[in-house]
Amino acid sequence: MTADSIARTVVVLAGGISHERDVSLRSGRRVADALLERGHTVILRDPDASLLPYLAESRPDVVWPALHGASGEDGALRALLGMLDIPYVGARSDAARLAWHKPTAKELVERAGLATPRSVTLPRDSFRELGATQVLDLVRSALGDELVVKPAMGGSALGLTVLESIDDLPRAVVDAYTYGEVALIEQRARGVEVSVGVIDLGDGPFALPPVEIEPRGGVYSFEARYNAGETRFYAPARLSDDVIRVAQETALAVHATLGLRHISRVDLIIDGAGVAWFLEVNVLPGLTETSTVPQGILAAGFTLGSVYEKLGEVAIAEQLS
Ligand SMILES: Nc1ncnc2c1ncn2[C@@H]1O[C@H](COP(=O)(O)OP(=O)(O)O)[C@@H](O)[C@H]1O
Ligand SMILES: [Mg+2]
């Protein structure tokens, strides 16, 4: 706690039953430690059937949901926190739901004039009804052979394939359906991958320095994310000032277009012409040791504790206003 901050009671939520449970536990631990160091009372909780009664009874000053995947990002828990009238960090429920559904986020971002790879969204039933071969042949002729297949909702690259050969398309689609009923087949963007954090410390959202991602195996897979040394990060990205500005402006535009607040992370690929292609946005980005938003925070000259604390303060202030 610093002279200008108040000691708060903060419930950090981590874990959950999503596929990203382990990542969330690591993010939550890091947020909790950073807040503890700042002198706050921190309760680290895994969401379960006792959570809502506990929150209703104990009424913490703020909830810090370090939950990834459906548990924290699909908007449901956020709606319930809103019903409890307890301030929480990050996007409101409705905005979180739009961002969580990748095809919807892409559509809104495209309408706002930003670039996102061409794609088609296909529920599993469309294959049953229209025939897998017939559907995939058409997709291929319309979108070409350089494709990425992913679940329409998800994270940490689970169920995602960057196709090495078009022959892998049927298997990639099957893999995506193991994580959900709807798959997104997208043209592959080529260029430099960056992750751009957006935070609001009380004076409106601003973009952190973009963090460049260079996975050793070429694909920013689950393994490449959470095993030290599997990916090289550059914070800030090795890009010209002009391109860095484009990436930051794009991230801010996405954050605003989707109506997000407090914190988000926009994943982009910058092509050779300097165009920033929007892949997706996360309302509760990874905050583990190897995650990009903490790297962006440090590259901007902030400490993690001061930022996580400030985000809580902004949430509290908004609730009161
Ligand atoms: N259209 C695409 N073109 C090139 N690479 C992609 C594309 N979509 C995803 N990727 C790669 O897969 C990773 C994960 O995809 P993303 O859409 O960000 O989903 P997740 O929610 O799993 O992070 C990206 O970080 C990028 O490396
Ligand atoms: Mg991503």
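Think of each chain on its own: its residues are numbered from 1, step by step along the sequence as written. Written order determines the labels here, with chains lettered from A and ligands numbered from 1. pLDDT decides what is reported in this predicted model: residues at 70 or higher carry local features, side-chain atom pairs at 80 or more are listed and counted, and totals for whole chains, interfaces and linings draw on all residues regardless. Calculation of side-chain values draws on the structure's entire complement of heavy atoms; hydrogens and water are dropped beforehand.

If you check an unreviewed UniProt entry, the chain appears there as D-alanine--D-alanine ligase from Herbiconiux moechotypicola. Checking UniProt for the chain, the heading Sequence similarities (unreviewed entry) contains the comment "Belongs to the D-alanine--D-alanine ligase family." The heading Subcellular location (unreviewed entry) in the UniProt record of the chain holds the text "Cytoplasm". UniProt positions are given in the numbering used here, feature names are shortened, and annotations may be inferred rather than shown by experiment.

Glancing now at the site of ligand 1. Consider each residue's heavy atoms; a residue with any of them within 4 Å of a molecule or strand counts as near. Contacts to ligand 1 come from 20 residues, most closely from K102, K150, A157, A189 and E193. Take E193: an N or O atom from its side chain is 2.4 Å from an oxygen atom of ligand 1. In protein, a polar contact requires one atom able to donate a hydrogen and another able to accept it; more generally it is a pair of N or O atoms within 3.5 Å, and residues adjacent in sequence count only if both atoms are side-chain atoms. Note that an oxygen atom of ligand 1 is positioned 3.2 Å from one of the side-chain N or O atoms of R225. With residues, only the protein chains shown are counted as cover, and all accessible areas are computed by Shrake-Rupley using a 1.4 Å probe. For ligand 1, whose accessible area on its own is 540 Å², the fraction buried by protein is 97%. Under a 2 Å grid-point criterion requiring more than half of the atoms, the pocket assigned to ligand 1 is the largest pocket. Charged means Asp, Glu, Lys or Arg here, nonpolar means Ala, Val, Leu, Ile, Met, Phe, Trp, Tyr, Cys or Pro, and polar covers whatever is left, Gly included. Looking at the shell around ligand 1 residue by residue, the classes come out as eight nonpolar, four polar and eight charged. An automatic or database domain assignment supplies the residue ranges for each domain. Counting the residues that make up the shell around ligand 1, at least three belong to each of domain 2 (98-114 + 190-313) and domain 3 (119-187). Site definitions follow a grid-based scheme: protein atoms alone, a 1 Å grid, a 1.4 Å probe that fits but cannot get out for cavities, and for pockets an open set with protein on both sides within 12 Å along at least five of seven lines, plus lining residues having an atom within 4 Å of a point. Any molecule with more than half of its atoms within 2 Å of a cavity's or pocket's grid points is regarded as sitting in that cavity or pocket.

This part takes up helix α12 (residues 292-299). Whether a residue is buried, partly exposed or exposed follows from its accessible area with a 1.4 Å probe, protein chains only, as a fraction of its type maximum: under 20%, in between, or over 50%, in that order. The numbering of helices and of strands both runs from the N terminus, where a helix is a DSSP run of H or I of at least 4 residues and a strand a run of E of at least 2. Among the eight residues of α12, six are classified as buried, and the element is accordingly described as predominantly covered. Of all the residues in α12, the buried ones are T292, V293, P294, Q295, G296 and I297. At its buried positions, α12 is contacted by β8 (192-200), β10 (211-215), β11 (231-234), β12 (263-270) and α13 (304-320). Immediately beyond the C-terminal end of α12, within one or two residues, lies G301, with a positive phi of roughly 90°. Residues count as neighbours in contact if any of their non-hydrogen atoms are within 4.5 Å of one another.

Attention now goes to the packing of helix α2 (residues 51-58) against helix α4 (residues 76-84). Each axis is a line fitted through C-alpha atoms, and for a helix only the stretch in contact is used; angles between axes span 0 to 180 degrees, taken between their N-to-C directions. Interhelical geometry of α2 versus α4 gives an angle of 30° and a closest axis separation of 10 Å. Judged on the interaxial angle alone, α4 and α2 are roughly parallel. Of the two possible hands of crossing, α2 and α4 adopt the one that is right-handed. On α4, the residues touching L51, L52, L55 and A56 of α2 are L77, L80, L81 and L84. In the contact of α2 with α4, the residues fall into eight nonpolar, no polar and no charged. Should an angle lie under 35 degrees it is considered roughly parallel, over 145 roughly antiparallel, and from 65 to 115 roughly perpendicular; all remaining angles are considered oblique. Should the near helix be turned anticlockwise from the far one by less than a right angle, the crossing is termed left-handed; should it be turned clockwise, right-handed.

Further remarks concern the coordination of the magnesium ion (ligand 2). Coordination partners: N, O, S within 2.8 Å of the metal, 3.2 Å for Na, K and Ca; water not considered, so apparent gaps in a site are possible. Only D267 (OD) and E280 (OE) from the protein coordinate the magnesium ion (ligand 2), and they sit 1.9 to 2.1 Å from it. Of the two residues, D267 sits in strand β12 while E280 sits in strand β13 (residues 276-282), which places them 13 residues apart along the sequence. Considered together, D267 and E280 belong to a single accessibility category, that of buried residues.

According to the domain assignment, the chain consists of domain 1 (9-90), domain 2 (98-114 + 190-313) and domain 3 (119-187). Taking only C-alpha atoms, the centre of domain 1 and the centre of domain 3 are 33 Å apart.

Moving on, we get to the sheet that holds strand β1 (residues 9-13). Taking strand neighbours across the sheet as the criterion, the three strands line up as β2-β1-β3 in an open arrangement whose pairing is parallel. Two strands bound the open sheet, and with one partner strand each, they are β2 (41-45) and β3 (62-65). Taken over all neighbouring pairs, the strand axes of this sheet differ in orientation by 25° on average, direction set aside. Should DSSP find at least two bridges between two strands, the strands are regarded as paired. Here β1 runs beside β3; their pairing, made up of four bridges, is parallel. Bridged to L13 within β3 is P65. Helix α1 (residues 21-37) rests against β1, β2 and β3 of the sheet, and its axis sits at about 170° to β2.

Bringing unusual backbone geometry into the picture now. Omega for the peptide link from A235 to P236 comes to 0°, which places this bond in the cis form. The backbone of D85 shows a phi angle near 60°, a positive value even though the residue is not glycine. As for its position among the elements, D85 is in the loop between α4 and α5 (93-100). D85 gets classed as exposed once you look at its relative accessible area, which sits at 51%. Positioned with a positive phi, S156 is a non-glycine residue whose angle comes to about 55°. Positionally, S156 belongs in the loop between β5 (147-151) and β6 (161-162).

Stacked, tilted and edge-to-face are the three classes applied to pairs of Phe, Tyr and Trp rings, where Trp contributes its six-membered ring and a pair requires centres within 6.5 Å; stacked means planes under 30 degrees apart, edge-to-face means over 60, and tilted covers the rest. A full pass over the atoms with the stated rule returns five aromatic pairs. When the ring of F206 is compared with that of F302, the centres are 6.1 Å apart and the planes differ by 45°; the resulting orientation is tilted. On the criterion of sequence distance, the pair formed by F206 in strand β9 (residues 205-207) and F302 in the loop between α12 and α13 is long-range, its members being 96 residues apart. Plain terms: the ring middles of Y220 and F233 are 6.2 Å apart, the flat faces sit at 80° to each other, and that makes the pair edge-to-face. Here Y220, found in the loop between β10 and α10 (222-226), pairs with F233, found in strand β11; they are 13 residues apart in sequence, far enough to count as distant. Y220 gets classed as buried once you look at its relative accessible area, which sits at 11%. Think of it as a cone above the ring: NZ of Lys or CZ of Arg counts as a charge over the ring if it is within 6 Å of the ring centre and within 35 degrees of the ring normal. Seen from the ring of Y54, R45 lies directly overhead, with NZ or CZ sitting 4.3 Å from the centre. For the cation-ring pair, R238 lies above Y234, with the distance from its terminal atom to the ring centre recorded as 3.7 Å.

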